[in-house]
Amino acid sequence: MTYNHYIDHTALKATTTKQEIETLCAEAKEHKFASVCVNPCFVPLCKKLLEGTKVNVCTVIGFPLGANGTSTKVFEITKAISEGATEIDMVMNISLFKSHQYDEVINEIKMCKTACSNAILKVIVETCYLDDEEKKQAVACVKRAGADFIKTSTGFGPSGATVKDIQLFKKYAGKGLKIKASGGINTHAQMVELIKAGANRIGTSKGTLIYKK
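Just so we're clear, the structure is a prediction, and the values are computed from it rather than from any experiment. (Residues numbered from 1 in each chain as written. Predicted model: local features only at pLDDT ≥ 70, side-chain atom pairs only at ≥ 80, totals over all residues. Heavy atoms only, no water.)

Trainee: Just checking my understanding: could you explain the packing of helix α6 (residues 132–145) against helix α7 (residues 163–173) for this structure?
Mentor: Think of two packed helices as two axes; the pair is described by the angle between the axes and how far apart they sit. Where α6 contacts α7, the two axes come as close as 10 Å, and the packing angle between them is 45 degrees. As summarised for this structure, α6 and α7 are arranged oblique, according to the angle between their axes. In this structure, α6 meets α7 at a crossing whose hand is right-handed. Contacts from Asp132, Lys135, Lys136, Val139 and Lys143 in α6 reach Lys164, Asp165, Leu168, Phe169, Tyr172 and Ala173 in α7. Grouping the constituent residues of the contact of α6 with α7 by class yields five nonpolar, no polar and six charged. (Axes fitted to C-alpha atoms, helices over the stretch in contact; angles between N-to-C directions. Helix = DSSP H or I, 4+ residues; strand = E, 2+ residues; numbered from the N terminus. Parallel < 35°, antiparallel > 145°, perpendicular 65-115°, else oblique. Left-handed = near helix turned anticlockwise from the far one by under 90°. Contact = heavy atoms within 4.5 Å. Nonpolar A, V, L, I, M, F, W, Y, C, P; charged D, E, K, R; others polar.)

Spelled out as structure tokens, the structure:
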């Protein structure tokens, strides 16, 4: 079995070049990955390079800290979609969440989902900063807000996706909320374990190395 349709082929480093994005898109087309996940400035280029393919253009919003104001996130989403993004990976306001301001967190996600229109919204909750009870609460917030996916990590925190976290998400997500595992996924074995645990998408910069081995 191949896993190409699970992979969001990712390049989010501060030093990512135009040439690296061109390679990313060529690889995504060749291997028929689900999407490329890039910083917002590269959305127009990716749209152009992926025109006529089934590879989606995904971009990150409020990245990587989640601490932007809601109106800023909404503006970022609207602009990204106008430039060709069809999937949005938005960082939850972790500060509000850790302050137990759950209604504010839910409201922000709802507003971002509305801004997405027909685009997919994935909400990054940065599991490395949450204990198990907080992870359960994060699932509840994301689910209540109507997002399409809950996502583990930005890849910029001290740790990334784990099988345990995916299992916890799966237990509480129900049928309507999908799961994206990301952060530190570097081997085929890791990817398969995470998918078996319940992940519907895999965010990785190592997609071409791990998907078919």
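Trainee: Could you clarify how one ought to interpret the pattern of salt bridges in this entry?
Mentor: Going through the model one piece at a time under the given rule, you end up with 15 salt bridges. For Asp132, the salt bridge goes to Lys164, with nearest N and O atoms at 3.5 Å. Note that Asp132 is positioned in helix α6 and Lys164 in helix α7, a separation of 32 residues in sequence. When its relative accessible area of 33% is taken as the criterion, Asp132 is described as partly exposed. Using a relative accessible area of 53% as the deciding quantity, one classes Lys164 as exposed. Among the salt bridges present, the one from Asp165 reaches Lys135, with a minimum N-O distance of 2.8 Å. Within this pair, whereas Asp165 is found in helix α7, its partner Lys135 is found in helix α6, the two being separated by 30 residues in sequence. Assessed through its relative accessible area of 5%, Asp165 is described here as buried. (Salt bridge = Lys/Arg side-chain N within 4 Å of Asp/Glu carboxyl O. Buried < 20%, exposed > 50% of the residue type's maximum accessible area, 1.4 Å probe, protein only.)

Trainee: Before we go on, may I ask you to explain the side chain of His31 in this structure?
Mentor: With respect to the helices, strands and loops of the structure, His31 is situated in helix α1 (residues 18–31). Those residues in contact with His31 that lie beyond four places of it in its chain are Asn4, Thr208, Tyr211 and Lys212.

Trainee: What is the right way to read the sheet that holds strand β6 (residues 149–151) from this model?
Mentor: Across a sheet, strands are paired by hydrogen bonds formed along the backbone, either parallel or antiparallel in direction. If you walk around this closed barrel you meet the eight strands as β1-β2-β3-β4-β5-β6-β7-β8, and the pairing is parallel. Each strand of the sheet is rotated relative to its neighbour by a mean of 25 degrees, with strand direction disregarded. Where α1 meets the sheet, it contacts β1 (7–11) and β2 (35–38), and its direction lies at approximately 170 degrees from that of β1. Sheet strands touched by helix α3 (residues 70–82): β3 (56–61) and β4 (87–91). Its angle to β4, the strand with the most contacts, is close to 160 degrees. (Pairing = 2+ DSSP bridges.)

Function cannot be read off these values alone, since they describe shape.
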